[in-house]
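# Coordinate inspection notes
These are the residues of each chain, in order.
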Amino acid sequence: MANKTAEIYNYIANLYQNELKYTAEKLEKKRKIYSFAYKFFTIFAILATTGIIIGLLNIPYDNPNYQIIMSDYNIIIFIGGIVISAISIIWGIRTVIFNHYAQEVKKKLFKKLYQALDKNLTYIPGKFKLPVCFFGIEQLFDLFPNKTSTTFLLEQTIRKLHVFPNYDYIKIDDVILGNYNGREVQIIEFNLIDKQVYRDSKGNRREKYVEVFHGALFQTSMEKKIKTNIFIKQKNSNLVCPNGLQEVKLESNEFEKIYSVYSNDQIESRYFLTTTTMDNFIKFKQAGQRISGYINGKSVNLLIHASKDMFEPDINKPVNNPNNYFDIIFQAKMILDIITDLKLESKTGL
């Protein structure tokens, strides 16, 4: 492990000096501008929100304006709409600034950096993205999706996993494909979006978009083949058990506090979930990783639950310092090393 880590550090240091330094120096000049604008709009949004709230709260009770505002429901709705719209626009501009910066860094630097883990890995950066509440705007730019594109094919891969709550759209972000230590792998960062239709107080039809899952799908295979389907669900997640599977009771109380297991073969599922395997899943949780899994035959599908975007550059850290790349690289390595942690390369046990 120590040798591999040192190898990664050396690879990135050499790559930076030989190929990336000139590009990184140019991007650093842009980063400073982006970072200033990003912080400016963040502070402006916070101050604007705070100022509006304080202003409304400080209107004297006996002030005629206060009486008018508080007595007219339509005015309250109108003011609330203006406040929300203004703040949404500000946060939208903030998001655009970050996206523009992140796109450049990913395309010009990250594509080469991930090969520090394995030269057979290919990194595909995600497209420009807005907050989920603006997903309707994103759709306007994707009315005619290319059904032969990598993104579309990856969407079909996700749709085959019937473990998610109801959703209408899949939004693919960053992707890592290829081979890692001789084993075929793919990491697909994505989120699932549900379109909700409702009626407002006046009976008007409204729509909103809600994120129901955010994380990554890690797909690989194992040497040993099992003859059943096994769903390992992180408790307190909103994933759902596929049809036809029944809950499996296991001997580890500590494991069952964290995960629920479902299968269509009780004996085969216990054969897969050995004491060592359950201990490894417990260690994932102790290390702060929230993971669920669906195993079928030799196919391993692990879902990494995340609360924020993964594989993103930090706009506040200098991009011309190679030491700032390691967190991103080791985030992917942590996922890929599940192959070793669960002994998926072993033919004799897990």
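Everything quoted here is computed from the prediction, not taken from an experiment.

### Digging into unusual backbone geometry
Of note, the phi angle at Asn181 is positive, near 55 degrees, even though the residue is not glycine. With respect to the helices and strands, Asn181 occurs in the loop between β2 (169-180) and β3 (183-199). Although it is not a glycine, Phe311 sits at a positive phi angle of roughly 60 degrees. Inspection of the secondary structure puts Phe311 in the loop between β9 (299-305) and α9 (326-336). Residue classification places Phe311 among the buried residues on the basis of a relative accessible area of 1%.

### Some points on the pairing of β2
Burial of β2 is extensive: 10 of the 12 residues sit out of reach of the surface. Pairing geometry for strand β1 (residues 121-124) and β2, over four bridges, is antiparallel. If you follow Tyr123 over to β2, its bridge partner there is Ile176. As judged from the 10 bridges shared by β2 and β3, these two strands associate in the antiparallel manner. Across the sheet, the residue bridging to Tyr169 is Ile193, located in β3. Hairpin remark: β2 followed by β3, antiparallel, with two residues in the connecting loop; positive phi at Asn181, about 55 degrees.

### Description of the side chain of His214
On the secondary structure map, His214 appears in strand β4 (residues 205-221). Judged by its relative accessible area of 12%, His214 falls in the buried class. Polar side-chain contacts of His214 include one of 3.4 Å to the backbone oxygen of Lys308. Not counting chain neighbours up to four residues away, the residues in contact with His214 comprise Glu189, Phe190, Asn191, Ile304, His305, Ala306, Lys308 and Asp309.

### Quick look at the nonpolar core
Grouped burial of nonpolar side chains is what soluble globular proteins tend to show. Leu109, Tyr114, Phe218, Ile232 and Phe255 are the most contacted members of the largest nonpolar core, which totals 65 residues. A per-element tally of this core places helix α1 (residues 2-57) first, with 10 residues. With residues up to four places along the chain from it excluded, the contact list for Ile232 reads Phe255, Tyr259, Ser260, Val261, Phe272, Leu273, Phe281, Ser292, Gly293 and Ile295. Ile158, Val163, Val212 and Phe213 belong to the second-largest nonpolar core, a separate cluster that totals 21 residues.

### Quick notes on the pattern of salt bridges
Tallied over the full model, the rule gives 13 salt bridges. Here Glu312 ties to Lys106 by a salt bridge, and the two come within 2.8 Å at their closest N and O atoms. In this pair, Glu312 sits in the loop between β9 and α9 while Lys106 sits in helix α3 (residues 73-113), placing the two residues 206 residues apart along the sequence. Per residue, the accessibility class of Glu312 equals that of Lys106, and both read buried.

### Side note on the sheet that holds strand β7 (residues 259-263)
Here we have nine strands laid out as an open sheet, ordered β1-β2-β3-β4-β9-β8-β5-β7-β6, and antiparallel in their pairing. Every interior strand has two partners, whereas the edge strands, β1 and β6 (246-248), have only one. Here the average twist between neighbouring strands, direction ignored, is 25 degrees. Together, β1, β2, β3 and β4 form the strand contacts of helix α5 (residues 150-159), whose direction differs from that of β2 by roughly 100 degrees. Along the sheet face, helix α8 (residues 275-286) touches β5 (229-234), β7, β8 (290-296) and β9 and points at about 140 degrees away from the line of β7.

### Notes on the layout of surface pockets
Counted as a void, the second largest pocket has a volume near 590 Å³. What lines the second largest pocket is a set of 27 residues, among which Lys308, Asp309, Met310, Phe311 and Gln331 lie closest to the centre. Those elements giving two or more residues to the lining of the second largest pocket turn out to be α3, β9 and α9. In terms of residue count, α9 provides more of the lining of the second largest pocket than any other element does, four residues in total. Across the lining of the second largest pocket, the residue classes break down as 14 nonpolar, six polar and seven charged.

### So, the pairing of β9
A large share of β9 lies buried, amounting to six of its seven residues. With seven bridges connecting them, β4 and β9 associate as antiparallel partners. Bridge assignment links Phe218 to a residue of β9, and that residue is Leu302. Of the strand pairs in this sheet, β8 and β9 are connected by seven bridges, and their pairing is antiparallel. Following the sheet pairing, Ile295 is matched in β9 by Val300.

### So, α5
All of the buried residues in α5 are Leu154, Glu155, Thr157 and Ile158. Angular distribution of buried residues about the axis of α5 spans 155 degrees; they occupy a single face of the element. Elements that come into contact with the buried residues of α5 comprise β2, β3 and β4.

Parameters at a glance
- Residues numbered from 1 in each chain as written.
- Predicted model: local features only at pLDDT ≥ 70, side-chain atom pairs only at ≥ 80, totals over all residues.
- Heavy atoms only, no water.
- Helix = DSSP H or I, 4+ residues; strand = E, 2+ residues; numbered from the N terminus.
- Buried < 20%, exposed > 50% of the residue type's maximum accessible area, 1.4 Å probe, protein only.
- Pairing = 2+ DSSP bridges.
- Polar contact = N/O pair within 3.5 Å; in protein donor to acceptor, adjacent residues only side chain to side chain.
- Contact = heavy atoms within 4.5 Å.
- Core = buried A, V, L, I, M, F, W, Y, C linked by side-chain atoms within 4.5 Å.
- Salt bridge = Lys/Arg side-chain N within 4 Å of Asp/Glu carboxyl O.
- Axes fitted to C-alpha atoms, helices over the stretch in contact; angles between N-to-C directions.
- 1 Å grid on protein atoms, 1.4 Å probe; cavity = no way out; pocket = protein on both sides within 12 Å on 5 of 7 lines; lining within 4 Å.
- Points joined across faces, edges and corners; volume = space filled by probe spheres on them.
- Nonpolar A, V, L, I, M, F, W, Y, C, P; charged D, E, K, R; others polar.
- Arc of directions from axis to C-beta.

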